[in-house]
Amino acid sequence: MRERHLRLAAEYDNYRKRTMKERTESWQRAQAELVSRLADALDDLSRFAHIDPADIDAKTLHEGVDLVERKIWKELEGAGVTRIDQSGVPFDPNLHEAVTTQPAPKPELDHTVGQIVQSGYKMGDTLLRPARVIVLTWQGH
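Residues numbered from 1 in each chain as written. Predicted model: local features only at pLDDT ≥ 70, side-chain atom pairs only at ≥ 80, totals over all residues. Heavy atoms only, no water.

1. Thoughts on the packing of aromatic side chains
Line of reasoning, step 1. All chains considered together, the criterion is met by one aromatic pair.
Line of reasoning, step 2. Centre to centre, the rings of Trp73 and Tyr121 are 5.8 Å apart; their planes meet at 25°, and the pair counts as stacked. Within this pair, whereas Trp73 is found in helix H2 (residues 58-78), its partner Tyr121 is found in strand E4 (residues 120-123), the two being separated by 48 residues in sequence.
Line of reasoning, step 3. Classification of Trp73 by relative accessible area gives buried; the value is 13%. (Phe/Tyr/Trp six-rings, centres within 6.5 Å; stacked < 30°, edge-to-face > 60°. Helix = DSSP H or I, 4+ residues; strand = E, 2+ residues; numbered from the N terminus. Buried < 20%, exposed > 50% of the residue type's maximum accessible area, 1.4 Å probe, protein only.)

2. Notes on unusual backbone geometry
Line of reasoning, step 1. One non-glycine residue, His111, lies in the positive phi region at around 60°.
Line of reasoning, step 2. Among the secondary structure elements, His111 is positioned in the loop between strand E2 (96-103) and strand E3 (112-118).

3. What to know about the environment of Ile72
Line of reasoning, step 1. Position of Ile72 among the secondary structure elements: in helix H2.
Line of reasoning, step 2. Given the relative accessible area of 23%, Ile72 is considered partly exposed.
Line of reasoning, step 3. Once the C-alpha coordinates of Ile72 and Leu42 are considered, the two residues, 30 residues apart in sequence, prove to be 8.3 Å apart.
Line of reasoning, step 4. Apart from residues lying up to four places away in sequence, Ile72 is in contact with Leu38 and Ala41. (Contact = heavy atoms within 4.5 Å.)

Rendered as structure tokens:
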């Protein structure tokens, strides 16, 4: 009975170690896949970062940065990332971090997001970073 118990404990320990290793490898593969999906956009960004300012006009630079941003967002959205950046919605402490308040012009805007200070991000249902917001509060004029 004792030997059977020891064998079972050893099998469980091996199982635990194997699943931990598989989970770690799976996480590393997922991270590598996301980075490889972003590689083209990072290359484009690097090219723009190393252009001599005398050789490019502001409009071309702006268009290039906009293109890189769109490429990055295409890949991030493909990975399930969404941006939290809506104003005028009810303040939700599960999605928003209030940095300050401002008076609301109408009572119906009480406890709504008046302005986004810094966008937040979600991946699926997981909050990666809350949006930092200015919350409107009705002062009761």
